[in-house]
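So the chains spell out like this:
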Amino acid sequence: MQAILCKEFGEPSILSLGEVPEPDIAPGMVKIQIHSAGLNFPDTLMIAGKYQSQPPFPFSPGMESAGIVAELGEGVTHLDIGDRVMANHGHGGLAEYVLAEADKTFRMPDNMPFDQAAGFTTTYGTTYHALVDRAEMKPGEVLLVHGAAGGVGLNAVELGKLLGATVIGTVGADEKKDIVKRYGADHVINYATENFRDVVKELTGGKGADVIYDPVGGDVFDQSMRCINWQGRLLVIGFASGRIAQLKTNLALLKGCSVVGVFWGSFAARSPDQNRANFETMFCWYADGKIKPHVSRHFPLEETADALEFILSRQSTGKVIVTVRE
Ligand SMILES: NC(=O)c1ccc[n+]([C@@H]2O[C@H](COP(=O)([O-])OP(=O)(O)OC[C@H]3O[C@@H](n4cnc5c(N)ncnc54)[C@H](OP(=O)(O)O)[C@@H]3O)[C@@H](O)[C@H]2O)c1
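These figures come from a predicted structure and were not determined experimentally.

Criteria and cut-off values
- Residues numbered from 1 in each chain as written.
- Predicted model: local features only at pLDDT ≥ 70, side-chain atom pairs only at ≥ 80, totals over all residues.
- Heavy atoms only, no water.
- Helix = DSSP H or I, 4+ residues; strand = E, 2+ residues; numbered from the N terminus.
- Polar contact = N/O pair within 3.5 Å; in protein donor to acceptor, adjacent residues only side chain to side chain.
- Domains from an automatic or database assignment.
- Buried area = accessible area lost by both parts, 1.4 Å probe.
- Salt bridge = Lys/Arg side-chain N within 4 Å of Asp/Glu carboxyl O.
- Nonpolar A, V, L, I, M, F, W, Y, C, P; charged D, E, K, R; others polar.
- Pairing = 2+ DSSP bridges.
- Axes fitted to C-alpha atoms, helices over the stretch in contact; angles between N-to-C directions.
- Contact = heavy atoms within 4.5 Å.
- Phe/Tyr/Trp six-rings, centres within 6.5 Å; stacked < 30°, edge-to-face > 60°.
- Buried < 20%, exposed > 50% of the residue type's maximum accessible area, 1.4 Å probe, protein only.
- Lys NZ or Arg CZ within 6 Å of the ring centre and 35° of its normal.
- Arc of directions from axis to C-beta.

Considering the arrangement of structural elements, one finds Glu64 in strand S4 (residues 64-72). Within the local environment of Glu64, its side chain forms a polar contact with the side chain of Asn40, the two groups lying 2.9 Å apart. Side chain to side chain, Glu64 and Thr121 meet in a polar contact 2.9 Å long.

In structure tokens, the structure reads:
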């Protein structure tokens, strides 16, 4: 089968298209014939050797995909061959076939196209878990979402509104404001040109945000600790800025606030039933037209490196999808 291969750590340009054997089915696993693969910022970290888990060389990146069930391993009972599924498999999605754990493979809602399904699991799974399980966000609270036009960020805006929050989004360029507003944000701040800390204080009558969703880190985390409300929750999602911030614990004391770690992949592995229930809720919302996954651009498999550069250059909004099979 054809696959994008990473043979050494580096920039997206080190990736190549190659021919490798199809994966063999194994107990508890699902073999999927991939139609679309969803890209994520962590794919860029994995090929650079900066991600928390690292497959041996050569490997195919691509942590999520959607396609058709081609084979089922022993013990897999919730799916049938031929089902349309979405899956989260850590890596291996930029290829014609992948093996996914049964617990992380879901039958797609009937009306969902492959491209939307391919980009669903990581960002929606993370965001639902963050807002509902970790922050226990309540209707009427103020949610501040950083990197609000990005993959996880846009989902946080959309799910935040659905959960009844007043949503403030931040973006790094004025062109990104429109999509964040369209997904329901009440206010959008360009944090490259405006001091978001002051604007958030002004918008909340001096109180600050109750829940802060932070996939950016660095200076954005530092300033967030200064515009969080009493007993607020700052969700540590990621470090797209490239800097892991150091927490000034006196600020946590003064605000009576919590800094809450979110690691969806580990949660999904430790609590598969709760994770599945989260997806069932979101699939109902999808069927009811309450959530609409946003794909900003499609690339063919052979242009995967360009697709990852598109994400790294901060041009993408929502999801970037690689089409493996039409
Ligand atoms: N905790 C978890 O379980 C989990 C799960 C999935 C992802 N993540 C993490 O969440 C973060 C975002 O992932 P994603 O797939 O949503 O990425 P993405 O689509 O690229 O979005 C990231 C956003 O961060 C902003 N950003 C600020 N500074 C940046 C910089 N120096 N370089 C690139 N982007 C920058 C960009 O928005 P502006 O240009 O508007 O500033 C961009 O839209 C990553 O750190 C990822 O590892 C965590």
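And the narrative resumes.
This part takes up the domain arrangement of the protein. The assigned domain composition of the protein is domain 1 (2-120 + 293-323) and domain 2 (123-265). One C-alpha centre belongs to domain 1, the other to domain 2; they are set 28 Å apart. With both sides pooled, the region where domain 1 packs onto domain 2 buries about 1100 Å², and carbon together with sulfur makes up 56% of that total. Summed over the shared surface of domain 1 and domain 2, the number is 0 salt bridges. Viewed at the interface, domain 2 and domain 1 are joined by 3 residue pairs in polar contact (both at pLDDT 80 or more). In the side of domain 1 that touches domain 2, the residues fall into 3 nonpolar, 8 polar and 3 charged.

Attention shifts here to the sheet that holds strand S12 (residues 228-236). Taken in spatial order, the 6 strands of this open sheet run S10-S9-S8-S11-S12-S13, and their pairing is parallel. Unpaired on one side and paired on the other, strand S10 (187-190) and strand S13 (258-261) mark the two borders of the sheet. For this sheet, the mean angle separating the axes of adjacent strands, direction not counted, is 20 degrees. In the packing of helix H3 (residues 121-134) onto the sheet, the strands contacted are strand S8 (142-145), strand S11 (209-214), S12 and S13, and the crossing angle to S11 comes to about 150 degrees. The sheet contacts of helix H6 (residues 196-203) involve S8, strand S9 (166-171), S10 and S11, and relative to S10 the element is tilted by about 160 degrees.

So, on to the packing of aromatic side chains. Scanning the entire structure with this criterion turns up 11 aromatic pairs. Between Phe106 and Phe279, the aromatic rings sit 4.3 Å apart at their centres with planes inclined by 15 degrees, giving stacked as the arrangement. You can see Phe106 sitting in strand S7 (residues 105-107) and its partner Phe279 sitting in helix H10 (residues 272-287), a full 173 residues away along the chain. Classification of Phe106 as buried rests on a relative accessible area of 2%. Consider the rings of Phe279 and Phe283, whose centres lie 6.0 Å apart with planes at 65 degrees: the pair is edge-to-face. Of this pair, Phe279 and Phe283 both sit in helix H10, 4 residues apart, roughly one helical turn. Take Phe279 and Phe283: they sit in the same class, and that class is buried. Across from the ring centre of Tyr97, 5.1 Å away, lies the NZ or CZ of Lys31, which sits over that ring. Positioned above the aromatic ring of Phe114 is the side chain of Arg84, whose terminal nitrogen or guanidinium carbon lies 4.9 Å from the ring centre.

We now examine H6. All of the buried residues along H6 are Phe196, Val199 and Val200. With its buried residues spanning 100 degrees around the axis, H6 presents them on a single face. If you follow the buried residues of H6, they end up packed against S8, S9, S10, S11 and helix H7 (219-224). Measuring from the side-chain oxygen of the N-cap residue of H6 to the backbone nitrogen of Arg197 gives 3.0 Å; that N-cap residue is Asn195. In the segment just after H6, Gly205 is the residue with positive phi, at about 60 degrees.

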